[in-house]
Amino acid sequence: MLRYSLLAEARHGFRNNQFCLMFQPRVSLPGKTVVGFEAVLYWQHPRIGLLAPSQFIEDLESSTLSAQLARFLLTESVLRVAEWRSRGLGKLFVSIGMPGAEIVREGFASQVEHILKWYDIEPSSLEVALTDRTDYSVFPTLESDLLPLQQLGVRLALDHFGTGFASLNVFRRFPFSTVKLDRSCLSGAPQDPVAREVVESFAALCKRVERSAVIDGVEHESQLEWLSALSHGEVQGPLISSPVQAGEVDEFVARTNGIELVT
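Residues numbered from 1 in each chain as written. Predicted model: local features only at pLDDT ≥ 70, side-chain atom pairs only at ≥ 80, totals over all residues. Heavy atoms only, no water.

Engineer: Run through the overall build of the chain, naming residues and quoting values.
Structural biologist: A count of helices and strands for the chain gives 11 helices and 10 strands. The C-alpha radius of gyration computed for the chain amounts to 18 Å, which stays within 12% of the reference 18 Å derived for 263 residues, consistent with globular compactness. Across the 263 residues of the chain, 48% fall into the buried class. Long-range pairs, those at least 24 residues apart, make up 66% of the contacts in the chain between residues at least 6 apart in sequence. (Helix = DSSP H or I, 4+ residues; strand = E, 2+ residues; numbered from the N terminus. Rg over C-alpha atoms; globule rule 2.2 N^0.38 Å. Buried < 20%, exposed > 50% of the residue type's maximum accessible area, 1.4 Å probe, protein only. Contact = heavy atoms within 4.5 Å.)

Written out as structure tokens, the structure is:
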């Protein structure tokens, strides 16, 4: 789809409720309990069908629609957490990906605080993850703009570590409580010795500097068993589950965590 056409259709789609969220489960190790979900923005395009974020999000981030989509992602995600609480799913958190341009936008932290208070959700139930497309050199105030979120109690995460702009220097400089290793780094592990060393070094580094480690892209049972022995962090990926629709979260959590839902 040509960029100008995509933008026009996206604006029309946003006005007509074509965007929706799906939720990628994240489980803790070694217990394999669902502890939260990554909210993923999809576009139900009337002509093409369901579009994954990789098919449109990068172009839309540089448009005037970006702020509206960011607010939609934030508001809908916090609303879902409130619904999960009311149905007895426990203290699950939700993680939302945000580009640096949105975080440095004036009033972002205040907007987050307002929405959390509106739905009566504690800040630690929200994780804001900086996307790997964030060029930190372009946003000199980003470090200071993250502080109000940190002081509020919101979790801060570095997404797709090991790719794009998500470098070791960024890992060192910014106040992330969680770091998520990109799925490409897990590919081939544990059989591939280089991939195995990368993952083990990442887990060890996070443990030493007291940051929560999340490993993405778990596809095989052998990987899950190896990671369970290696780390007390969190994992996600196709083996755990593909993103689920909002209406499927209850059943998934109840089945995986062995809880009874509030009716």
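Engineer: Break down the pairing of strand β7 (residues 178-181) for me, with residues and values.
Structural biologist: A two-sided burial pattern is seen for β7, the buried positions comprising Thr178 and Lys180 on one face and Val179 and Leu181 on the other. The pairing of strand β6 (residues 155-161) with β7 spans 3 bridges and is classified as parallel. Looking across to β7, one finds that Leu158 is bridged to Val179. Of the crossover connections in this fold, the one passing from β6 over helix α7 (residues 168-173) to the parallel β7 is right-handed. (Pairing = 2+ DSSP bridges. Right-handed = clockwise from strand over helix to strand, strands pointing away.)

Engineer: Give a detailed account of helix α5 (residues 108-118), specifying residues and quantitative values.
Structural biologist: All of the buried residues in α5 are Phe108, Ala109, Val112, Ile115 and Leu116. The buried residues of α5 occupy an angular sector of 130° when projected down its axis, which confines them to one face. α5 presents Ser110, Lys117 and Trp118 as exposed residues on the side facing more than 90 degrees away from its buried surface. Elements that come into contact with the buried residues of α5 comprise α3 (66-86), β4 (93-98), α4 (100-103), β5 (126-130) and α6 (142-152). In the stretch just after α5, Asp120 is the one whose phi turns positive, near 55°. (Arc of directions from axis to C-beta.)

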